[in-house]
Amino acid sequence: MSTEATAARVSPDRRTRRVRMLRTVALVVGVMAPSIVLRELIETRFGPGPVADLSAVAVPMAATAWLAPYASYRRRDALLWLVGMGLYIFAVIAWRVALAPYRDWRPRPEEKPRMRWSRDPERAGTWYLAKPTGDARHTAAR
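Rules of the game
- Residues numbered from 1 in each chain as written.
- Predicted model: local features only at pLDDT ≥ 70, side-chain atom pairs only at ≥ 80, totals over all residues.
- Heavy atoms only, no water.
- Core = buried A, V, L, I, M, F, W, Y, C linked by side-chain atoms within 4.5 Å.
- Buried < 20%, exposed > 50% of the residue type's maximum accessible area, 1.4 Å probe, protein only.
- Contact = heavy atoms within 4.5 Å.
- Helix = DSSP H or I, 4+ residues; strand = E, 2+ residues; numbered from the N terminus.
- Axes fitted to C-alpha atoms, helices over the stretch in contact; angles between N-to-C directions.
- Parallel < 35°, antiparallel > 145°, perpendicular 65-115°, else oblique.
- Left-handed = near helix turned anticlockwise from the far one by under 90°.
- Nonpolar A, V, L, I, M, F, W, Y, C, P; charged D, E, K, R; others polar.
- Patch = residues over 30% accessible without salt bridge, like charges linked within 9 Å, V, L, I, M, F, W, Y side chains within 5 Å.
- Areas by Shrake-Rupley, 256 points an atom, 1.4 Å probe, with all protein chains shown as cover.
- Salt bridge = Lys/Arg side-chain N within 4 Å of Asp/Glu carboxyl O.
- Lys, Arg positive; Asp, Glu negative; His and termini not counted.
- Charge placed at Lys NZ, Arg CZ, Asp CG, Glu CD.
- pLDDT = per-residue confidence, 0-100.
- Phe/Tyr/Trp six-rings, centres within 6.5 Å; stacked < 30°, edge-to-face > 60°.
- Lys NZ or Arg CZ within 6 Å of the ring centre and 35° of its normal.

## So, the nonpolar core
1) Next: With 17 residues, the main nonpolar core has L67, A71, Y73, W81, F90, I93 and V97 as its most contacted residues.
2) Next: With residues near it in sequence (within four places) discarded, V97 still touches L67, Y70 and A71.

Now the structure itself:
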């Protein structure tokens, strides 16, 4: 049995899950609240219509495009806000970013050369981004 398979079965403790959940909720609320405020301001000024509707997704689209590479998503996934799946994708991205630089999901094929399996007993079952390249600089080992 491989070390990876054994470590993958180790579940994080309650405190880690609680902190991760709080970070995720804070990130989602921190993006959605300004979006709602912006929509209301534009709707008040210009009236209801497509401009107000597009302004409601402008802030979340920008946040999704910015955070997507850190969660093994593509920046173009932010366009899913235009078809209605944006909130779900952003929630997944926020959940993943809340644990950064450790990752509990499999890295994409192009990320694999930069990843290593975490040997820290507290972070068992996670990947660690060893050396960043491209636009995912914030997950670098310091």
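## A few points about the environment of A65
1) Next: If you trace the backbone, A65 turns up in helix α3 (residues 50–67).
2) Next: Along the primary structure A65 and R75 are separated by 10 residues, whereas in three dimensions their C-alpha atoms are 4.4 Å apart.
3) Next: If we skip the residues at most four places from it in the chain, A65 touches R75 and A78.

## Description of the packing of α3 against helix α4 (residues 86–97)
1) Next: At a closest axis distance of 10 Å, the pairing of α3 and α4 adopts a crossing angle of 45 degrees. As far as their axial angle goes, α4 and α3 are oblique. Of the two possible hands of crossing, α3 and α4 adopt the one that is left-handed. On α4, the residues that touch A63, T64 and L67 of α3 are F90, I93 and V97.
2) Next: Broken down by class, the residue content of the contact of α3 with α4 amounts to 5 nonpolar, 1 polar and no charged.

## Points about a positive patch on the surface
1) Next: Taken together, R14, R15, R18 and R23 make up a surface patch of like positive charges.
2) Next: With respect to the helices and strands, R15 occurs in helix α2 (residues 14–46).

## Some words on the confidence of the model for the protein
1) Next: Taken residue by residue, the protein gives an average pLDDT of 77. The fraction at 70 or more is 64%.
2) Next: In this model, residues 5–10 is a region of pLDDT below 50 whose contacts with residues beyond four sequence positions or in other chains number 8 contacts.
3) Next: Confidence over residues 136–142 falls short of pLDDT 50; this stretch has 18 contacts with residues more than four positions distant or in other chains.

## Topic: the packing of aromatic side chains
1) Next: On inspection of all chains with the given rule, the structure shows 1 aromatic pair.
2) Next: With centroids separated by 6.4 Å and ring planes inclined at 85 degrees, the aromatic side chains of W66 and Y70 adopt a geometry described as edge-to-face.
3) Next: Judged by its relative accessible area of 53%, W66 is exposed.
4) Next: Over the aromatic face of F46 sits the side chain of R45, whose NZ or CZ is 5.7 Å from the ring centroid.

## Considerations on the packing of α2 against α4
To characterise two packed helices, one gives the angle between the axes of the helices and the distance between these axes.
1) Next: Relative to each other, α2 and α4 sit at 135 degrees, their axes nearing to 8 Å. Classed by the angle they form, the pair α2 and α4 counts as oblique. Crossing of α2 against α4: the hand is right-handed. Seen from α2, the contacting residues are R20, M21, T24, L27, V28, V31 and M32; seen from α4, they are L87, F90, A91, A94, W95 and R96.
2) Next: Of the residues in the contact of α2 with α4, the class split is 10 nonpolar, 1 polar and 2 charged.

## Some details on the side chain of T64
1) Next: Summarising the element assignment, T64 is placed in helix α3.
2) Next: With residues near it in sequence (within four places) discarded, T64 still touches D77, A78, W81, F90 and I93.

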